[in-house]
Structure formats: structure tokens, C-alpha cells
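# Observations on the three-dimensional arrangement
As a plain string of letters, each chain reads:
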Amino acid sequence: MNSRRSELLVLLVLIVAGVALYAVRWVIFATPEYHSEMWRFLLGDVAFLFLQVAIVTMLIDRILRVREKRAMLQKLNMVIGAFFSEVGTELLGKLAVADSSLGEVRDQLVPAAKWQAADYGKARAAVDSHSAKIDLSSCDLYELKAMLVREKPFLLGLLGNQALLEHESFTELLWAVTHLAEELDARGDFEGLPPADRIHLAGDVKRAFTLLTGQWLEYVRHLQTAYPYLFSLAVRLNPLDPGASVTVQE
């Protein structure tokens, strides 16, 4: 508030000083010819002021916004990269085994160095149209619970990152994963769960898995363009490809 008041006070002082100087000139050089000349210059100054404001606000300000947005996106990509390095890639692998229908689209979820924008578009369309059939008996819920509870402080720390306000889809993913962690942590035993409760957990797993798969594709796409060496490792560790190997093949 004090800063705002100071700015308004400075603005008011500058306006008053400007008007006062014009008034002094008007009085000192009190001739019709000078008054006419003064009006001519004043109108020219005002006209130039409009052009100056237009240039600064519409051109320079736009350039600065673009640069600021690029810097923000760079920070976001760094945060997303940290997420996948710390927990995302491993989590995707653990959730993928629970989808009994993943084989229907698996071939479309194996990025390669030759992939173009159209290939990623097809892969994303496959994820969006695919309805995962979650079989909780195919994954180790105890191991999944231990992992997510261990990483919960890291996930909550990411949610507190103000930069993520610009990335709604990733924020939605973090909430889905955090919610799954809380659901699993609230249950001490997964044996003999009622059918309705298993269906509820399966829905939470499906939500997290679907969002995670789509975000992983976007992450790999970014790596292919910006960091080819990281892209190579991400492809070799593809959690959706059972044949993936970290060993570089010819």
C-alpha cells in the first residue's frame, strides 16, 4: 500500500511540475506568436506521447511477456523433470501393470528418436480414448503404498510451488497421485476389502495412471527437443514398454 501511495505521489508531483512550467512559459513569453508556437509544440508532444505509450505497452511489453513466459515454462519443465526422476517414472511402471487392457495401445506408447509431432499427437489420442481396466490383484498395493507415503512430502512440496499455477494438467496429476497416496495410507490392510471399496481404489488408480501417462508423453516430447541425451535415457527406461532396457542397443 505504501509503495502504491509513493508511486501516486510521484506521479502527481510530476504532473503539477509539468503544468507549472508550461504556465511559467506562458506568462514569461506572453506574445500571440509565441503562444501559437507553444500550442503547436504542445500538441506535437502529446501526439508523440500517444505513440510512445503504444510502442512501450504494445510492443516492448509484449516482448517482455513472451520472454517471461518462456522462462516460466523452462522452470515448469525443470519441476516436471524432477517429478519424473524422483517418483513419476517408477510410479508409472507400478500402475501400468494394473491395467489389463494396456496391450491394446502399448505399441503407440513407445516413443522413438524418429517420432514427430504427429506421432505424439496419435499417442496422446490413444491415451485419451483408452479406458484402462484396472485389476488391483496385478499390482502390489503394499509396495505402492510404501512408495507413495515415502514420497508424499515431495509431492506436497511440488504442490506448493507457485510456478505450477501455470500448468493445470500437471497440478491435476499431482492432486490425483497425492489422493491415491492418502487412500492407500488410510488402509492398513488390503486383504478382504469389500467389492465397493476395491472398485473405489481401482478408480483412484485409473485416474492417476491416465493422467500420469499423458503427462509422461508430454515430458518425453519436451526432452526430445530440448535434451536429446535425457530423451534417450527416458526411452530406454520406458515404464510402459516391457521390452525396454537401459542398455544401448545398436
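How each quantity is defined
- Residues numbered from 1 in each chain as written.
- Predicted model: local features only at pLDDT ≥ 70, side-chain atom pairs only at ≥ 80, totals over all residues.
- Heavy atoms only, no water.
- Helix = DSSP H or I, 4+ residues; strand = E, 2+ residues; numbered from the N terminus.
- Buried < 20%, exposed > 50% of the residue type's maximum accessible area, 1.4 Å probe, protein only.
- Contact = heavy atoms within 4.5 Å.
- Areas by Shrake-Rupley, 256 points an atom, 1.4 Å probe, with all protein chains shown as cover.
- Axes fitted to C-alpha atoms, helices over the stretch in contact; angles between N-to-C directions.
- Parallel < 35°, antiparallel > 145°, perpendicular 65-115°, else oblique.
- Left-handed = near helix turned anticlockwise from the far one by under 90°.
- Nonpolar A, V, L, I, M, F, W, Y, C, P; charged D, E, K, R; others polar.
- pLDDT = per-residue confidence, 0-100.
- Phe/Tyr/Trp six-rings, centres within 6.5 Å; stacked < 30°, edge-to-face > 60°.
- Core = buried A, V, L, I, M, F, W, Y, C linked by side-chain atoms within 4.5 Å.

### Focus: the overall build of the protein chain
Of regular secondary structure, the protein chain possesses seven helices and zero strands. Walking the protein chain from its N terminus toward its C terminus, one meets helices and strands in the order α-α-α-α-α-α-α. When each of the 250 residues of the protein chain is scored for burial, the buried share is 32%. Sequence-distant contacts in the protein chain: of pairs separated by 6 or more residues, those separated by 24 or more amount to 73%. With the model as given, the accessible surface of the protein chain reaches about 15,900 Å², and the carbon-plus-sulfur share is 62%.

### Section: the packing of helix α4 (residues 141–159) against helix α5 (residues 168–185)
One can describe the packing of α4 onto α5 by two numbers: an axis separation of 8 Å at closest approach and a directional angle of 135 degrees. Judged by the inter-axis angle, α4 sits oblique to α5. Seen from above, α4 lies across α5 with left-handed handedness. Two secondary-structure elements touch here, α4 through L141, L144, K145, L148, V149, K152, L155, L156, L158 and L159 and α5 through T171, L174, W175, V177, T178, L180, A181, E182, L184 and D185. Considered class by class, the residues forming the contact of α4 with α5 number 14 nonpolar, two polar and four charged.

### Digging into the confidence of the model for the protein chain
On average, residues of the protein chain score 84 in pLDDT, and 83% of them reach the 70 mark or higher. Per-residue pLDDT, averaged within each element of the protein chain, yields its smallest value for helix α1 (residues 2–28) (71) and its largest for helix α6 (residues 195–226) (94).

### Remarks on the packing of aromatic side chains
Counted according to the given criterion, the structure contains six aromatic pairs. With 5.3 Å between their ring centres and 80 degrees between their planes, F83 and F170 make a pair best called edge-to-face. A residue pair is termed long-range when its members are at least 10 positions apart, and F83 in helix α2 (residues 32–96) and F170 in helix α5 qualify at 87 residues. Grouping residues by exposure puts F83 and F170 together as buried. Ring geometry for W115 and Y120: centres 5.0 Å apart, planes at 80 degrees, overall edge-to-face. Judged by its relative accessible area of 12%, W115 is buried.

### Some thoughts on the nonpolar core
F83, L91 and L95 are the most contacted members of the largest nonpolar core, which has 54 residues in total. For this core, the elements supplying multiple residues, two or more each, are α2, α3 (117–129), α4, α5, α6 and α7 (228–236). Tallying contributions element by element places α6 first for this core, with 11 residues. When near neighbours in sequence (up to four residues on either side) are disregarded, L95 contacts L144, L180, V205, A208, F209 and L212.

### Looking at the environment of S245
Checked against the element boundaries, S245 lands in the segment after α7. Along the sequence, S245 and V235 sit 10 residues apart, while their C-alpha atoms lie 8.8 Å from each other.

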